[in-house]
Amino acid sequence: MRASVRQQRVSPHHQYRADLGPEHSGTVEISVIVDGCPVVAEAFMAGPAEQPEYLLGPNHRLHADVEPHQVRLAEADCTEGCCGALYVTIERRGDEVIWRDWRNPDRSGLDLPTLRFDAAQYDAEIARAENDHSWEWPDRTVARLLRDRLCEQPDLLGRWDCHPGWVAARPTDRGRVHVSYFYPQRPAGVEDLWLQFVAVIELPAGDPEIVVDEIVRRISDTDPRRRQWLAGGSAEAAQAFGFD
């Protein structure tokens, strides 16, 4: 036995959270279970755990490498800067994966135990969770496939000098996906001029792959910098780029 836990097993599950009040649109969160204990839910109560796409998506944030890296597992409903978040450092040491140095920026001296996992079992469980899309409803599947398409084919929006942002399908807004993108660049500094657009797409019925093809045509075959989709930026940027 090492530290205070023996034969620890991690199991990320997906669960819905749609009881956050009228100011929230509902979300899907990861429930991280270690030896039957929902460690994130018990350690952080100011907001939900991160969504599956964040922890289990193409950035592979829960993967363990020799080089330690910090992962945000949960964030306060009102944002991290207001009421904090939950972080853990993940690293691989030989045949072990270690979760250590838990941190909440809003609370000093967070006292949570170091967790140790068999590396082979850990890798297998994370791979299983990453490839499990059985929890998705059709809108969410479309959003995932569309997000992948825009990342893999940057010229789809790049031909208009636009750059993809987030793609969302919300539990409380069925039948739609929201697609965000920036022009002419993602915001990087306070001096940058940029605009954000959010296309709200009504989803037709049908196979998700075919639906994604239709959405791609709708937002990329003609100029996606449409006034009705303008959602963010500054008055200065809007004037500079021809928007009243």
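Rules used in this analysis
- Residues numbered from 1 in each chain as written.
- Predicted model: local features only at pLDDT ≥ 70, side-chain atom pairs only at ≥ 80, totals over all residues.
- Heavy atoms only, no water.
- Buried < 20%, exposed > 50% of the residue type's maximum accessible area, 1.4 Å probe, protein only.
- Helix = DSSP H or I, 4+ residues; strand = E, 2+ residues; numbered from the N terminus.
- Pairing = 2+ DSSP bridges.
- Contact = heavy atoms within 4.5 Å.
- Salt bridge = Lys/Arg side-chain N within 4 Å of Asp/Glu carboxyl O.
- Axes fitted to C-alpha atoms, helices over the stretch in contact; angles between N-to-C directions.
- Core = buried A, V, L, I, M, F, W, Y, C linked by side-chain atoms within 4.5 Å.

**Let's talk about the pairing of strand E6 (residues 96-103)**
Then, number 1: Where burial is concerned, most of E6 is hidden: 6 out of the 8 residues are buried.
Then, number 2: For strand E5 (residues 85-93) and E6, the ladder comprises 6 bridges, and the chain directions are antiparallel. Residue pairing in the sheet places Ile 90 in a bridge with Trp 99 of E6.
Then, number 3: Counted between consecutive antiparallel strands, the loop separating E5 from E6 contains 2 residues, among which Gly 94 sits at a positive phi close to 60°.
Then, number 4: Across 4 bridges, E6 lies against strand E7 (residues 115-118) in antiparallel orientation. Following the sheet pairing, Trp 99 is matched in E7 by Leu 115.

**Examining the environment of Arg 100**
Then, number 1: Mapped onto the secondary structure, Arg 100 falls in strand E6.
Then, number 2: Arg 100 gets classed as buried once you look at its relative accessible area, which sits at 19%.
Then, number 3: A sequence separation of 12 residues divides Arg 100 from Leu 112, and the C-alpha atoms of the two residues are 8.3 Å apart.
Then, number 4: Setting aside anything within four residues of it in sequence, one finds Arg 100 in contact with Pro 68, Val 88, Thr 89, Glu 91, Arg 93 and Thr 114.

**Comments concerning the pattern of salt bridges**
Then, number 1: The tally for this structure, following the rule as stated, stands at 17 salt bridges.
Then, number 2: Note that Arg 72 is salt-bridged to Glu 50, the shortest N-O span being 2.5 Å. Placement of Arg 72 in strand E4 (residues 69-75) and of Glu 50 in the loop between helix H1 (39-43) and helix H2 (52-56) is noted, with a sequence separation of 22 residues between them. For the residue pair Arg 72 and Glu 50, the accessibility class agrees, reading buried in each case.
Then, number 3: Note that Arg 176 and Asp 173 form a salt bridge whose closest N and O atoms lie 3.8 Å from each other.
Then, number 4: You can call Arg 176 partly exposed: its relative accessible area is 31%.

**Section: the sheet that holds E7**
Then, number 1: Ordered by their spatial adjacency, 4 strands build an open sheet running E4-E5-E6-E7, and the pairing between neighbours is antiparallel. Sheet topology places E4 and E7 at the edges, where each strand pairs with a single neighbour. Strand-to-strand twist in this sheet, taken as the mean axis angle between neighbours without regard to direction, amounts to 25°.
Then, number 2: Contacts from helix H4 (residues 119-130) reach E5, E6 and E7 within the one sheet, and its direction differs from that of E7 by about 85°.

**Notes on the nonpolar core**
Then, number 1: Among the nonpolar cores identified, the biggest contains 29 residues, and Leu 62, Leu 73, Ile 90, Trp 99 and Tyr 122 are the most heavily contacted of them.
Then, number 2: Counting only elements with at least two residues in this core, the list comes to strand E2 (27-34), H1, H2, E4, E5, E6, E7 and H4.
Then, number 3: The element contributing the most residues to this core is H4, with 4 residues.
Then, number 4: In this view, Leu 62 contacts Leu 55, Leu 56, Val 71, Leu 73, Ile 90, Trp 99, Tyr 122 and Ile 126; residues no more than four positions away in its chain are not counted.
Then, number 5: Of all hydrophobic cores here, the second largest spans 28 residues; its members include Ala 143, Ile 201, Val 211 and Val 216.

So, to be careful, I would describe these as geometric facts and stop short of saying anything about function.
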